[in-house]
Structure formats: structure tokens, C-alpha cells
Amino acid sequence: MDRFFDHKMETMPRRRIKELQIKRLQETVHRVYRNVPYYHKRFKELDITPSDIKSLEDIHRLPFTTKDDLRDNAPFGMLATSLDNCIELHASSGTTGIPVTVCYTWHDINVWSEVMARCLSMSGLTKKDVFQNPIPYGTFTGAFGFHYGAQRIGALVVPSGKGQSERQIHLMEYYGTTFISGVASYALRLGQVAHEIGVDPKKLRVRNGLFGAEMFTHGLKKRIMEMWGMDDVHDIYGLTEMCGPGVSTDCDQHNGLHLWEDHFLVECIDPKTLEPVDVEEEGELVITTLTKEGMPLLRYRTRDIAKIYDTKICECGRTHVKHSPIKGRSDDMIIIRGTNIFPGQIESVLMKNPDVGGNWRMILTTAENNMDMLTVEVESRKKLGKKEKLLLEKKLQNEIKTVIVFTPHVTIVPPNTIPQNGLKAKRVIDHRKK
Ligand code: DLL
């Protein structure tokens with residue numbers, strides 16, 4: 001099957017991609033210098049002008065942008081065009097509650113639809129598919145991004161929207177849904193609900209899916225495929241500040257996510273020194289938008305930890321750079337007894353075990369002797385007896401110990417007992433004394 005949406009652009013020779021990138025970077029730099037007071041001021045402080053950006057290497061001279069910068073200028077202070085030219089906004093609310101708001105022009109919506117169509121095509125969506133979109137339609141970018149991309153391909157979109165898992169399953173039966181999207185952990189939840197109401201997800205027509213918005217380990221992917229009897233599932237990455245979903249997706253080789261370099265320029269830095277790390281070394285992804293009109297961003301610090309792979313041509317034929325799956329956010333990394341732990345390391349262990357259910361979390365506390373304690377609370381797939389529960393706890397404890405180097409407590413709880421608040425799974429609950 002031809003899984004390209006724009007074959008020419010997706011397989012463009014790297015030399016041509018670089019030429020396009022420098023041209024677009026220069027245009028972006030001029031645009032923000034002229035129109036965004038925040039960037040104008042930063043350029044003056046750094047004693048640079050747009051004409052100093054002569055090659056892609058000169059990107060290092062440009063200032064970084066952080067979420068705090070966006071909050072300080074919220075909601076419309078970072079716009080590079082007048083609000084009259086914008087036709088839609090989206091927002092992500094973070095920890096402080098001030099939402100980061102992004103405004104889109106017609107052109108921005110067009111580019112977003114295009115990159116989403118490329119991601120969906122790469123994952124196997126075609127115009128013959130019935131595409132169900134179980135994501136809340138609202139200021140969160142997820143639902144609209146998938147919706148625009150699937151429509152661009154010509155699939156039949158079922159905009160099933162927020163939650164109501166039983167209804168989602170009935171819609172799948174009724175319309176013969178073949179492809180689903182969503183937040184990674186919700187795909188597992190949906191499969192469980194199907195079982196609870198007596199529907200075997202494998203007997204539905206759903207054969208494929210594209211999921212993201214949170215850590216998506218190989219183990220979770222396998223779990224989802226087995227549960228739904230899917231032929232394949234793919235991982236999609238993105239963030240509100242760039243457009244929403246659509247920045248990158250993994251191709252059928254499943255060894256990295258192709259990032260659309262004609263629209264985004266990616267760097268990988270050491271989050272402490274802010275210096276670039278070597279190719280294939282882990283660091284924080286930093287992304288510059290190359291074609292945005294509404295709210296272009298220079299060197300945006302995503303906080304997402306990944307590696308950028310060496311740019312060999314991929315077996316799939318695409319020439320755009322690949323990065324590893326996101327390991328976690330630098331702000332999700334916890335340091336416990338001197339060890340850095342990402343929730344993904346624990347999830348990889350849990351998802352391999354067939355007795356583990358759909359949800360889990362890490363609870364951090366301080367013991368009487370002031371030591372940090374970690375309890376991993378894990379739902380079992382079925383209700384377990386006392387002896388089975390103890391055996392599973394012991395087994396998981398030993399397995400987790402091998403990846404995080406100390407022994408956590410493990411508590412098994414019955415299915416569907418860990419609260420599911422919010423759209424994305426909350427994996428870390430920190431009750432430690434500060
Ligand atoms: O989560 C956009 C999105 C929606 C992506 C649907 C994919 C599917 P935000 O709410 O702004 O936007 O959150 C962005 O979520 O910085 C990452 O930390 C995390 N994230 C997104 N996709 C992935 C992924 C959307 N595939 C933040 N793997 C990002 C791991 C992801 N983390």
C-alpha cells in the first residue's frame with residue numbers, strides 16, 4: 001500500500017530540505033523581529049538582527065523560547081499577525097493554570113491539516129476508512145488535528161468526541177469503524193470497556209490506530225494491538241505550541257518518528273548547559289516553526305526528552321529526520337535516592353506482564369527516617385485472590401528493581417480502581433515532604 005500523502009515532499013533529497021529550511025528560517029526570523037515585541041526586545045538584548053542568520057548553524061545565535069515566556073505574554077502577546085487574521089485558537093493548560101494559547105491563520109490550519117494527513121497516511125489511513133475520533137473537541141488540539149488530517153485524506157470521519165466509552169464502542173459497531181485515534185492510554189481503557197459490556201474488541205472491524213499525546217511505550221503498543229487484534233498501531237507526537245498533533249509519527253519500520261522538517265526545525269540540547277548534544281544522544285527537543293503565521297516560535301524548549309537519529313534514508317523512503325519515541329518530560333523525571341527515574345521505564349516492565357491491567361501510578365512519600373519511598377500502584381487485569389496478588393507484587397517488584405536499581409513497594413489493586421482524572425494519564429503523585 002502506498003502510505004505517502006505527499007510523496008515528493010516526504011522523499012525530498014536532504015540537500016533540498018536544508019535549502020528550504022534556511023529560506024523559511026530567515027523569513028520567520030524577519031517576521032518575528034518585525035511583529036513580535038517580545039522577540040524584538042530579545043534580539044536587541046543579544047545584539048543580533050535578522051540579517052545575522054545566514055546559515056542553519058546560525059540558529060545557535062537565536063534566543064530560546066520557554067512556556068513561561070508564552071505565559072508572560074498570554075493570551076495574544078506573541079502573535080506575529082493581527083488577531084483579525086486568525087480564525088481559530090487552541091490552548092493547553094499546564095501546571096500553573098494560565099493556559100498557553102495558540103492562534104491559527106487559515107494558512108496555519110492548512111499546514112496543520114497537511115502534516116496530520118501525512119502522519120495518518122503513514123499509519124495506513126486511506127479514504128476507504130471509517131475513522132473514529134474519540135478525543136474531546138474543545139481547546140485541546142487533539143480532536144481537531146486528527147479531524148482535519150483525516151478529512152484531507154478523504155476518510156469518513158466519525159467525530160465521536162469526549163469519553164462515554166460505552167457509546168464509543170456502540171458507534172464502532174454501528175458505523176463499522178476501521179481506524180481509531182486518541183490518547184494512548186485511552187485506547188486500552190476503551191478495549192477494557194468493550195469487554196465489560198460483552199463486546200470482544202477483536203470482533204469489531206477496527207484494524208489500525210494512531211495514538212499519542214503522552215508517553216507511548218513499546219509495551220503499551222503491543223498491549224493495544226493484542227487487545228484489539230490490530231494489524232499495526234503508530235505513535236504520533238506533537239504539542240499545542242507547534243500546532244498540536246502532527247509534528248512527527250513513526251513509519252512502518254517502527255524505529256523512530258519522522259519529523260516534518262519542511263515545517264519544523266529540530267535541535268536536541270542538554271537541558272542543563274543548553275548546549276547541543278551529539279546525534280543519537282539523549283537530550284531535550286527544541287523546535288523552531290518554519291511556516292507559521294499566527295504564532296511562530298523560535299527555539300521552543302519542549303521539555304521532551306528524546307534522541308535525534310542520524311539522517312540515513314529510511315527503508316520507507318522518507319528523508320525527513322527521525323527521533324526516538326519521547327522518553328518523558330524533563331519535568332516528569334523524578335530523582336529518588338539519587339537515581340533519575342522516568343515513568344516510561346516502569347511502564348515498559350508493567351506492560352510486558354499479562355496479569356497487569358490498564359492503569360498504574362507511582363506514589364512518592366517520605367518515610368520516618370526521611371528516606372524517599374516509591375510505591376508503584378498497579379491495577380490487575382482480573383480480580384486476584386490474596387496469594388496471586390502477593391505473587392504478582394513480588395514478581396513486579398523484582399522486575400522493576402532491575403531497571404531502577406532500588407526496590408520499590410508494589411501494591412496490586414483491583415481493575416478500574418485508580419482514578420482517571422483528566423485526558424492524559426497522571427503517572428506521578430508526589431507526597432514527599434518538601
Ligand atoms: O498532546 C497534542 C497531541 C494530541 C499529540 C494527540 C498527539 C496526539 P499538548 O496537550 O500541548 O498537545 O501536550 C504536549 O504531550 O510536549 C509531550 O510531553 C506529550 N506528548 C505528545 N505526544 C506524545 C507522544 C498534545 N507521542 C505534550 N509521546 C508534549 C510522548 C507525547 N509524549
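Below is a summary of the structure that appears in this document. Predicted, not measured: the structure shown is a model, and the values here were computed from it.

1. Regarding the packing of aromatic side chains
In the structure shown here, the tally under the stated rule is ten aromatic pairs. Their ring planes at 45 degrees and their centres at 5.4 Å tell us that Tyr 33 and Phe 43 sit as a pair that is tilted. One end of the pair, Tyr 33, is in helix α2 (residues 14–35); the other, Phe 43, is in helix α3 (residues 37–46), with ten residues separating them in the sequence. Its relative accessible area of 0% is what places Phe 43 among the buried residues. Centroid distance Tyr 137 to Phe 144: 5.2 Å. Interplanar angle 70 degrees. Geometry classified as edge-to-face. Assessed through its relative accessible area of 22%, Phe 144 is described here as partly exposed.

2. As for the sheet that holds strand β10 (residues 264–269)
Strand order in this open sheet of four strands is β10-β11-β12-β14, and the pairing throughout is antiparallel. Each edge of the sheet is formed by a strand with only one pairing partner; in this case those strands are β10 and β14 (328–329). In terms of strand pairing, β10 meets strand β11 (residues 282–289) through six bridges, oriented antiparallel. For Glu 267, the partnering residue across the bridge sits in β11 and is Val 286.

3. Some remarks on the packing of helix α5 (residues 106–122) against helix α6 (residues 141–153)
Packed helices, taken two at a time, are described by the angle between their axes plus the distance between the axes. Put simply, α5 and α6 touch, their axes get as near as 7 Å, and they point 75 degrees apart. Between α5 and α6, the angle is such that the two are roughly perpendicular. Two secondary-structure elements touch here, α5 through Ile 109, Asn 110, Trp 112, Ser 113, Glu 114, Met 116, Ala 117, Leu 120 and Ser 121 and α6 through Thr 141, Phe 144, Gly 145, Phe 146, Tyr 148, Gly 149, Ala 150, Arg 152 and Ile 153.

4. Examining the site of the ligand
Near the ligand, the surroundings consist of 21 residues, among which Asp 235, Ile 236, Thr 240, Asp 304 and Lys 424 are the closest. The separation between a nitrogen atom of the ligand and a polar main-chain atom of Ile 236 is 2.7 Å. One of the side-chain N or O atoms of Lys 424 is found 2.7 Å from an oxygen atom in the ligand. Burial of the ligand by the protein chains amounts to 93% of its free accessible area of 610 Å². Looking at the shell around the ligand, the elements with two or more residues in it are α6, β7 (232–239) and β8 (244–250). By residue number, the principal contributor to the shell around the ligand is β7, which donates five residues.

5. Some remarks on a nonpolar patch on the surface
Where nonpolar side chains cluster on the molecular surface, the patch consists of Phe 76, Leu 83 and Leu 89 and spans about 250 Å² of accessible area. Along the chain, the position of Leu 83 falls in the loop between α4 (67–72) and β1 (86–92).

6. Considering the sheet that holds strand β3 (residues 130–132)
Spatially, eight strands are ordered β4-β3-β5-β6-β7-β8-β9-β13 in an open sheet, and the strand pairing comes out mixed. The sheet is open, and its two borders are formed by β4 (156–158) and β13 (322–323), each paired with just one other strand. Bridging between β3 and strand β5 (residues 179–183) involves two bridges; their strand directions are parallel. Paired with Gln 132 across the bridge in β5 is Ile 180. Helix α7 (residues 165–175) rests against β3, β4 and β5 of the sheet, and its axis sits at about 175 degrees to β3.

Calculation rules
Residues numbered from 1 in each chain as written. Predicted model: local features only at pLDDT ≥ 70, side-chain atom pairs only at ≥ 80, totals over all residues. Heavy atoms only, no water. Phe/Tyr/Trp six-rings, centres within 6.5 Å; stacked < 30°, edge-to-face > 60°. Helix = DSSP H or I, 4+ residues; strand = E, 2+ residues; numbered from the N terminus. Buried < 20%, exposed > 50% of the residue type's maximum accessible area, 1.4 Å probe, protein only. Pairing = 2+ DSSP bridges. Axes fitted to C-alpha atoms, helices over the stretch in contact; angles between N-to-C directions. Parallel < 35°, antiparallel > 145°, perpendicular 65-115°, else oblique. Contact = heavy atoms within 4.5 Å. Near = heavy atom within 4 Å. Polar contact = N/O pair within 3.5 Å; in protein donor to acceptor, adjacent residues only side chain to side chain. Areas by Shrake-Rupley, 256 points an atom, 1.4 Å probe, with all protein chains shown as cover. Patch = residues over 30% accessible without salt bridge, like charges linked within 9 Å, V, L, I, M, F, W, Y side chains within 5 Å. Salt bridge = Lys/Arg side-chain N within 4 Å of Asp/Glu carboxyl O.

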